[in-house]
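These are the residues of each chain, in order.
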Amino acid sequence: MLAFLLTLMLLLGIVIVLAYAERKVAAFMQDRMGPTEAGPYGSLQSVLDVLKLLQKEDIVPAAADKKLFKLAPILIFAAVFAGFAVIPFTPDLIPAGIGIGVFYLLAIISLDVVGLLMAGWGSNNKYAMLGAMRSVAQIVSYEIPAGLAILSVVMICQSLDFQEISYQQGVLLNRFPGLEFETNWLFGIEALGINTTNIGGITTWNIFRAPLLLVAFVIYFIASLAESNRAPFDIPEAESELVAGFHVEYSGFRFAILFLAEYSMMVLVSLVAVILFLGSWNTPLPNLTTLKFANWTTGTIGELSGILWGSFWLLSKTFVLLFLQLQIRWTYPRLRVDQLMHLCWKVLTPVALGLVLLAGIWRLLMV
Amino acid sequence: MTKSLLSGLWLTWRHFRNADKRRAPVPVMDGDYFKQPEGLVTLTYPYEAIPVPENGRYRLHNEIDDCIVCDLCAKICPVNCITIESVKATEDIGMTSDGTKKRLYAPVFDIDMAKCCYCGLCTTVCPTDCLTMTPVYDFAEVDIKNMIYHFTDLTPEQADEKKQLLAKQQEEMAAAKAAALAARKQQ
Ligand code: SF4
Ligand code: SF4
């Protein structure tokens, strides 16, 4: 229960910062100023937006399928929020440390699609319906390359446990029960003979341990943009053609929930990318002979320093990725439906399949 | 393709990085007005504003003390937005600042700024230069009635008084005339 509340609070905080950042970043990239009036530099803007939304009338269209319409936002948010349960925030802080976290996460996020379809169908509005169908088609398709990219990580790491994958990517490797006698080799290749177990830092991140995961990371990142309906894959809510997509009929609190779910999805996919590819809560600084940067910036497990450093690195890496998401949104134009499907089925999926094969071979080199 | 994708990202990143530079509120007469290589283009308007040119045509102002109520402005106005009523003065009411003698009161001198097209014709014909354009351009109103500007310096009571004075004078003059006429007839 405590973990639930803490995660919810943390998530709300991040989403509010993110919504503000989105507007500011968008403005700066377009040579505008963004919010300036509410609070210093407009920093209270998103808080006020939420307050405004909460005061609004909760309209349920007369022709809507009321049960589906009312249930959908809750289902969408619950599906996304449930994904946070297996995210390790620090070396010893994870809301629910289950052994098959990766699998659980992929499964629970797919539920999102059901909620979207309920929202689109229940609204009884053609824009909502179109938006929901596009959204479902897109998310279901892009789950495949994303899943394959994740699978190659799982093969390299030989684990479905987010916490174990995290431990593998840093100087704390041998502190995880069951990994006491593991070693990290440079690029994961033992034959090179360079032991990086105690060097840590960026050299033990997954994209460095097995450089082909860099490709997997790019694939996963592109797919994750599509899964969270972000530009350039935002045809489900394409403002210029569908008004707002599946949530066009929602207002007030329900809209706030949908909005929250959308931003939570962004945060979640970025967190997963960081955990699987970018060293999770591990520091990027390696130990260099006597300068033990990695040890200094890791803290001690179980103490406050470990918690602070861990969450600091995890969140700052996540924010870098989130910034990249925002920047991509304000840089690239929206893809057409056929281009979207082309990219997914004819480019990303074959490459990801090849990656899975290569990851298997790489794993054989690692042991 | 990767190159064009990266150059796109580089472009937005450059704009993001230059977001600490701002447009300065320089007037249009300034040489740098059209030259802003980088930085935010927004001006936070009520706090900063671009100075307007001196010969700009904005809200009208009538210095009623200098107005001789000649009605020229109302006649030239292409949209008929100036309403003037005049009352002849019964006594000497002085001069305008450029030495023209004033003979009329203006109980009504209204300009409807909502109708005005800011052509400036009225200011050119005004013989005493009392009707002028000010640099004020931000005068939106919630109620459109407030867009009608009243420039008269007479209160309604004073206006009534002046009208009665004029009527009395005219009566007296008419009486005097009638008396004179009668006297002539008797001769
Ligand atoms: S500026 Fe033109 S439109 Fe306005 S009051 Fe003068 S003459 Fe009429
Ligand atoms: S033209 Fe000038 S002097 Fe004549 S009525 Fe108009 S404002 Fe007064």
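All values reported here derive from a predicted model rather than from experimental measurement.

### Quick word on the UniProt feature "coiled-coil region" (unreviewed entry) in chain B
The UniProt record annotates "coiled-coil region" (unreviewed entry) at residues 159–186 of chain B. Taken end to end, residues 159–186 of chain B has its terminal C-alpha atoms 40 Å apart, with 100% of it in helix and 0% in strand.

### With respect to the pattern of salt bridges
When their charged atoms lie close together, side chains carrying opposite charge are able to pair. For the structure shown, the criterion picks out 10 salt bridges over all chains. Between R329 of chain A and E22 of chain A there is a salt bridge, with its nearest N and O atoms 3.2 Å apart. Of the two residues, R329 of chain A is situated in helix α12 (residues 304–329) and E22 of chain A in helix α1 (residues 2–29); the sequence distance between them amounts to 307 residues. A relative accessible area of 4% places E22 of chain A in the buried class. Across the pair E38 of chain B and K21 of chain B runs a salt bridge whose closest N-O atoms are separated by 3.6 Å.

### Quick notes on the site of ligand 1
Around ligand 1 lies a shell of 14 residues, among which C77, C116, C119, G120 and C122 of chain B are the nearest. Among the residues forming the shell around ligand 1, the class breakdown is 13 nonpolar, one polar and no charged.

### Overview of the interface of chain A and chain B
Listed by partner, the interface residues are 13 residues for chain A and 16 residues for chain B. Taking both partners together, chain A and chain B bury about 1,400 Å²; carbon and sulfur atoms supply 67% of that area. At the boundary of chain A with chain B, the tally comes to zero salt bridges. Connecting chain A to chain B are seven residue pairs in polar contact (both at pLDDT 80 or more). Among the elements of the structure, α1 and α12 of chain A are those that each provide at least two residues to the side of chain A that touches chain B. Of the residues assigned to the side of chain A that touches chain B, the class counts are eight nonpolar, two polar and three charged.

### Quick notes on the UniProt feature "transmembrane region" (unreviewed entry) in chain A
Sequence positions flagged by UniProt for "transmembrane region" (unreviewed entry) are, in local numbering, residues 71–90, 102–121, 207–226, 255–281, 301–324 and 345–365 of chain A. Between the end C-alpha atoms of residues 102–121 of chain A there is a gap of 30 Å, over a span that is 100% helix and 0% strand.

### Some points on the environment of E157 of chain B
Topologically, E157 of chain B is positioned in helix α4 (residues 156–186). For the pair E157 of chain B and Y118 of chain B, spaced 39 residues apart in sequence, the C-alpha separation works out to 32 Å.

### Comments concerning the packing of helix α8 (residues 212–227) of chain A against α12 of chain A
Residue and element names in this part refer to chain A. Relative orientation of the contacting elements α8 and α12 amounts to 60°, with a least axis distance of 12 Å. Here α8 is positioned oblique relative to α12, judged by the angle of their axes. Of the two possible hands of crossing, α8 and α12 adopt the one that is right-handed. Facing α8, whose interface residues are F217, F221, S224 and L225, α12 presents L321, L324, Q325 and I328.

### Digging into the site of ligand 2
The environment of ligand 2 is made up of 15 residues, and the closest members are C67, C70, D71, C73 and C126 of chain B. In the shell around ligand 2, the residues fall into 12 nonpolar, two polar and one charged.

### A word on the nonpolar core
Counting residues in each nonpolar core, the largest one holds 98 residues, and the members touching the most others are F84, Y220 and F277 of chain A. If you tally residues by element for this core, the top one is helix α10 (residues 252–277) of chain A, at 17 residues. When sequence neighbours within four positions are dropped, the list of residues in contact with F277 of chain A reads A149, V153, Q169, W205, N206, I207, L213, A216, F217 and Y220 of chain A. Ranked by size, the runner-up nonpolar core spans 24 residues in total, among them I82, A106, C116 and F139 of chain B.

### Concerning unusual backbone geometry
Residues and elements named next belong to chain B. A positive phi angle, near 55°, is found at V69, a position not held by glycine. Mapped onto the secondary structure, V69 falls in the loop between β1 (60–62) and α2 (72–76). In this structure, D129 is a non-glycine residue whose phi angle is positive, near 55°. Following the sequence through the fold, D129 ends up in the loop between α3 (121–125) and β4 (131–133).

### Comments concerning a nonpolar patch on the surface
Residues L44, V47, L48, V50, L51, L54 and F253 of chain A make up a contiguous nonpolar surface patch of roughly 580 Å² in combined accessible area. In terms of residue count, the dominant contributor to the nonpolar patch is helix α2 (residues 45–55) of chain A (five residues).

### Overview of the sheet that holds strand β2 (residues 82–88) of chain B
Residues and elements named next belong to chain B. Strands sit in the order β2-β3-β5 across an open sheet of three strands; the sheet is antiparallel. In this open sheet, the two edge strands, each paired with only one partner strand, are β2 and β5 (148–150). Going across the sheet, the axis of each strand differs from the next one's by a mean of 15°, ignoring polarity. Where β2 lies against strand β3 (residues 104–112), six bridges are found, and the strand directions are antiparallel. Paired with I82 across the strands is I111, a residue of β3. On top of the sheet, α4 reaches β2 and β3; it is set at about 45° to β2, its chief contact.

### Points about the environment of Y33 of chain B
All names here are of chain B. Locating Y33 in the fold gives a position in the loop between α1 (2–17) and β1. Remark: the alpha-carbon pair of Y33 and R23, spanning 10 residues in sequence, is separated by 9.5 Å. In this structure Y33 touches R23, V26, P27, V28 and I50, once residues within four positions along its chain are discounted.

### Let's talk about the side chain of S251 of chain A
Residue and element names in this part refer to chain A. As for its position among the elements, S251 is in the loop between α9 (239–242) and α10. Judged by relative accessible area, which is 15%, S251 ranks as buried. Separated by 3.0 Å, the side chain of S251 and the backbone oxygen of E57 make a polar contact. Only 3.0 Å separates the side chain of S251 from the backbone nitrogen of I59, close enough to count as a polar contact.

Conventions used here
Within each chain, residues carry numbers counting from 1 in the order of the written sequence. Think of it this way: whatever chain is written first is A, whatever ligand is written first is 1, and the rest follow in order. Owing to the predicted nature of the model, reporting of local features is limited to residues with pLDDT of at least 70; listing and counting of side-chain atom pairs is limited to 80 or more, with chain, interface and lining totals taken over all residues. Calculated side-chain values reflect all of the structure's heavy atoms, with hydrogen atoms and water omitted. UniProt positions are given in the numbering used here, feature names are shortened, and annotations may be inferred rather than shown by experiment. Only DSSP runs of H or I reaching four residues or more are called helices, and only runs of E reaching two or more are called strands; each is numbered from the N terminus. By definition here, a salt bridge exists when the distance from a side-chain nitrogen of Lys or Arg to a carboxyl oxygen of Asp or Glu is within 4 Å. Only protein chains enter the accessibility calculation, which uses a 1.4 Å probe. A residue is then buried if its area is under 20% of the maximum for its type, exposed if over 50%, and partly exposed in between. Definition of nearness: a residue and a molecule or strand are near each other if at least one heavy atom of the residue lies within 4 Å of the molecule or strand. Think of it as three bins: nonpolar holds Ala, Val, Leu, Ile, Met, Phe, Trp, Tyr, Cys and Pro, charged holds Asp, Glu, Lys and Arg, and polar takes everything else, Gly as well. By definition in these notes, contact holds between two residues if any of their heavy atoms fall within 4.5 Å. Accessible area, probed at 1.4 Å, shrinks when two parts are joined; the buried area is that loss added up over both. We define a polar contact as two N or O atoms separated by no more than 3.5 Å, with the added condition that, inside protein, one atom must be a possible hydrogen donor and the other a possible acceptor, whereas residues neighbouring each other in sequence contribute only through side-chain atom pairs. Axis geometry follows a simple rule: fit a line to the C-alpha atoms, using only the stretch in contact for helices, then measure angles between N-to-C directions, giving values from 0 to 180 degrees. Working definition: roughly parallel below 35 degrees, roughly antiparallel above 145 degrees, roughly perpendicular at 65 to 115 degrees, and oblique for all remaining angles. Crossings are classed by handedness, with left-handed meaning an anticlockwise turn of the near helix from the far one by less than a right angle and right-handed meaning a clockwise turn. For our purposes a nonpolar core is just a set of buried Ala, Val, Leu, Ile, Met, Phe, Trp, Tyr and Cys residues, chained together by side-chain atoms within 4.5 Å. Only residues whose relative accessible area exceeds 30% and that form no salt bridge are eligible for patches; like-charged ones are grouped when within 9 Å, while nonpolar side chains (Val, Leu, Ile, Met, Phe, Trp, Tyr) are grouped when within 5 Å. Here the Shrake-Rupley method, with its probe set to 1.4 Å, supplies the accessible areas, and only the displayed protein chains count as covering residues. Here, strands pair whenever DSSP counts at least two bridges between them.

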